[in-house]
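# Architecture at a glance
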Amino acid sequence: MDPWEALEPDRTAFADYLSTLTPADWSAPSWCDDWDVKAVAAHLLVPPTKSKGKVFLAFVGSGFNVNKLNARFVSELTASMSTDQIVETTRETAGVRSAPPGLPPIGVFSELAVHSTDIARAIDKPFSLPIDHYVMALDHMKSVQPVLGCKQRIAGLKLQATDTTWSTGEGPLVEGPAELLLAAMTGRRGALTSLTGPGVETLSAR
């Protein structure tokens, strides 16, 4: 599956979802540490709205610190855009095929899968992507170590999806829906209470 082809309808569906949120939803905490819902939605606009050159210069200006870079762009976007503008920009840029330097298309695709869960699960308003899209994101994220630390977080564990045939690793079992395995793999502690198996305790301690 081409990540760009899969991402366009996902972004459109996500824009439709965002359009249903209330002001209280937009200001609610997400599963992404220190960011509310508006900040997470704004963060997802960086790849389709910021040129590679602008991102690189901002990265240099942030002392080559990815967290500082993300905070800088999120602060800029949330200050300059209303929630309605975020919705419309998400929809208008759904088909844009652009990625920041160093991030492959599958990385941009996977970010939407992760961050849409950060929002939907935190405010308890369901949003789901096709199951094979979560599987594609899982297959990518399981080997990612820089910044997100997924590879080390799940080392020595077997992750098994309960809603599809996907699994990875060997060791104590961690079971749950593919969406929540992806969330836990990327460090979302809110996902852990919905997972089962003897490996959950180990995953929770990391």
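The text that follows walks through the structure, step by step, so that each part is easy to find. Note that the coordinates shown come from a computational prediction; the quantities given were computed from them, not determined experimentally.

Criteria and thresholds
- Numbers given for residues are sequential positions, taken from 1 along each chain in its written order.
- Local features in this predicted model are restricted to residues of pLDDT 70 or higher, and side-chain atom pairs are both shown and tallied only at a pLDDT of 80 or more, whereas totals for entire chains, interfaces and linings draw on every residue.
- Excluding hydrogens and water, the side-chain values take into account all heavy atoms of the structure.
- Note on definitions: angles span 0 to 180 degrees between N-to-C directions of axes, and those axes are lines fitted to C-alpha atoms, for helices only across the stretch in contact.
- Secondary structure follows DSSP: runs of H or I at least 4 residues long count as helices, runs of E at least 2 residues long count as strands, and numbering of each begins at the N terminus.
- Working definition: roughly parallel below 35 degrees, roughly antiparallel above 145 degrees, roughly perpendicular at 65 to 115 degrees, and oblique for all remaining angles.
- Contact between two residues is taken to exist if any of their heavy atoms lie within 4.5 Å; hydrogens are not considered.
- Throughout, the ten residues Ala, Val, Leu, Ile, Met, Phe, Trp, Tyr, Cys and Pro are labelled nonpolar, Asp, Glu, Lys and Arg are labelled charged, and all others, Gly among them, are labelled polar.
- The buried label applies to any residue whose accessible area, calculated with a 1.4 Å probe on protein chains only, is under 20% of its type's maximum; exposed applies above 50%, and partly exposed to all values in between.
- Patch membership requires more than 30% relative accessible area and the absence of a salt bridge. Residues of like charge join within 9 Å; the nonpolar side chains Val, Leu, Ile, Met, Phe, Trp and Tyr join within 5 Å.
- Accessibility throughout is a Shrake-Rupley quantity obtained with a 1.4 Å probe, and a residue counts as covered only by protein chains that appear here.
- In the sections that follow, a salt bridge refers to a side-chain nitrogen of Lys or Arg positioned within 4 Å of a carboxyl oxygen of Asp or Glu.

Following both chains from N to C, one finds helix 8 (residues 105–123) and helix 11 (residues 178–185) inclined at 100°, their axes separated by 10 Å at the closest point. One finds that helix 8 runs roughly perpendicular with respect to helix 11. In contact with A113, V114, T117 and R121 of helix 8, helix 11 contributes E179, L180, L182 and A183. Classifying every residue of the contact of helix 8 with helix 11 gives five nonpolar, one polar and two charged.

A few words now on helix 9 (residues 131–141). For helix 9, the set of buried residues is H133, Y134, V135, M136, A137, L138 and M141. As for helix 9, its buried residues are in contact with helix 1 (3–18), helix 8, helix 10 (150–153) and helix 11.

A few words on a nonpolar patch on the surface. Residues F56, L57 and V60 make up a contiguous nonpolar surface patch of roughly 290 Å² in combined accessible area. Tracing the backbone through its elements, the reader meets F56 in helix 5 (residues 52–61). You can call F56 partly exposed: its relative accessible area is 43%.

We now examine the pattern of salt bridges. Tallied over the full model, the rule gives eight salt bridges. The residue D2 makes a salt bridge to R97 at a minimum N-O spacing of 4.0 Å. Placement of D2 in the segment before helix 1 and of R97 in the loop between helix 7 (83–92) and helix 8 is noted, with a sequence separation of 95 residues between them. Classification of D2 as partly exposed rests on a relative accessible area of 30%. A salt bridge links R188 to D118; its shortest N-O distance comes to 2.8 Å. On the criterion of sequence distance, the pair formed by R188 in the loop between helix 11 and helix 12 (200–204) and D118 in helix 8 is long-range, its members being 70 residues apart. D118 carries the same exposure label as R188, and that label is buried. What you see here is one network of salt bridges that share partners, running through D16, E88 and R91.

Honestly, it's all geometry; don't read function into it.
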